[in-house]
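Observations on the model geometry
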Amino acid sequence: VGSRLPLQQAGMGRVANPALAAAVAEAGGLGMLALSRHSPEAAIRDIDDLRARTSRAIGVTLIVEFLKPQLLDCVAERLPVVELFWGWPEAALVPPGSIVGWQVGSTDEAKAAVDAGCSYVIAQGVEAGGHVRGTVPLDELIPLVRAAIDVPVVAAGGIGTRADVERALSLGADAVRVGTRFVAALE
């Protein structure tokens, strides 16, 4: 996706705003906006704000439960990375020409995401905050998902330190996703 570090900021509602996403991108990670409940017009404003702050790796997270087709089309036209979660992977929701990730909690869901056309998956362990897909610990999930699919795997859930990052990478993750730790960030 063009980031310098194997780190993605989770697209957490009200936290994943243009200022935070830009700061993460400028520091070398993948900055993500949370736009699930936005109108297309509001999404465009936030995307324009983010693009004014950085030219580095950025994307958007959308919750399938709240997803409106107009919003998906709008963000896919403007951002290179689109991420979906809190719903079963469907090919109809994978915009062509985008780098699409799907947050999963099991190997079956990871396989479905790849079958739907996703470029990568986010394997979320039970340690995660917010909307949790995982039902097993991340240390167990990473190797299972890694063995089941052939696209990059981003590890998510309970990652807050360098040691957590190193452990996830040693278990087979290609990158990590950090969420709750960024709640305390001063952009």
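Each chain has its residues counted from 1, running along the sequence as written. Residues qualify for local features only when their pLDDT is at least 70, as the model is predicted, and side-chain atom pairs are given and counted only at 80 or more; totals for whole chains, interfaces and linings, by contrast, use all residues. Side-chain figures throughout are based on the complete set of non-hydrogen atoms in the structure, without hydrogens or water.

**Describing helix α4 (residues 107-116)**
Looking at α4, one finds that the buried residues are Glu 109, Ala 110, Ala 112, Ala 113 and Ala 116. Along the axis of α4, the buried positions cluster into a sector of 160°, meaning they face one direction only. Pointing more than 90 degrees away from the buried face of α4 are the exposed residues Asp 108 and Asp 115. In the core, the buried residues of α4 are packed alongside β5 (99-104), β6 (120-124) and α5 (138-148). Immediately beyond the C-terminal end of α4, within one or two residues, lies Gly 117, with a positive phi of roughly 110°. Whether a residue is buried, partly exposed or exposed follows from its accessible area with a 1.4 Å probe, protein chains only, as a fraction of its type maximum: under 20%, in between, or over 50%, in that order. Only DSSP runs of H or I with at least four residues qualify as helices, and only runs of E with at least two residues qualify as strands; both kinds are numbered from the N terminus onward. The arc refers to the directions leading from the helix axis to the C-beta atoms. We call two residues contacting when some pair of their heavy atoms lies within 4.5 Å.

**Regarding the sheet that holds strand β3 (residues 58-63)**
For two strands to be treated as a pair, DSSP must find at least two bridges joining them. Taken in spatial order, the eight strands line up as β1-β8-β7-β6-β5-β4-β3-β2 in an open sheet, and their pairing is parallel. Each edge of the open sheet is held by one strand with a lone partner, namely β1 (7-9) and β2 (31-34). When the angles between neighbouring strand axes are averaged without regard to direction, this sheet yields 25°. As judged from the three bridges shared by strand β7 (residues 153-156) and strand β8 (residues 175-178), these two strands associate in the parallel manner. From the neighbouring strand, Ala 156 faces β8, where its bridge partner is Arg 177. To define axes, lines are fitted to C-alpha atoms, for helices over the stretch in contact only, and angles between the resulting N-to-C directions are given on a 0 to 180 degree scale. Packing against the sheet, helix α3 (residues 69-78) makes contact with β3 and β4 (81-85), and its axis sits at approximately 170° to β3.

**Remarks on the packing of helix α1 (residues 18-26) against helix α2 (residues 40-53)**
The N-to-C vectors of α1 and α2 enclose an angle of 35°; their axes lie 9 Å apart at closest approach. Every pair of crossing elements has a handedness; the one defined by α1 and α2 is right-handed. Across the interface between the two elements, Pro 18, Ala 19, Ala 21, Ala 22 and Glu 26 from α1 touch Asp 46, Asp 49, Leu 50 and Arg 53 from α2. For the contact of α1 with α2, a count of residues per class yields five nonpolar, no polar and four charged. By definition, turning the near helix anticlockwise from the far helix through less than a right angle yields a left-handed crossing, and turning it clockwise yields a right-handed one. Ten residues, namely Ala, Val, Leu, Ile, Met, Phe, Trp, Tyr, Cys and Pro, are considered nonpolar, four, namely Asp, Glu, Lys and Arg, are considered charged, and the remaining ones, Gly among them, are considered polar.

**Focus: α1**
For α1, every residue scored as buried is listed here: Pro 18, Leu 20, Ala 21, Ala 22, Val 24 and Ala 25. Packed against the buried residues of α1 are β1, β2, α2 and β3. At the N-terminal boundary of α1, the capping side chain belongs to Asn 17, with an oxygen 3.0 Å from the backbone nitrogen of Ala 19. Trailing α1 by a residue or two, Gly 28 shows a phi angle of about 115°, which is positive. Polar contacts, as used here, are pairs of N or O atoms within 3.5 Å; protein pairs need one atom able to donate a hydrogen and one able to accept it. Residues neighboring in sequence count only if both atoms are side-chain atoms.

Distances and angles like these do not, on their own, reveal function.
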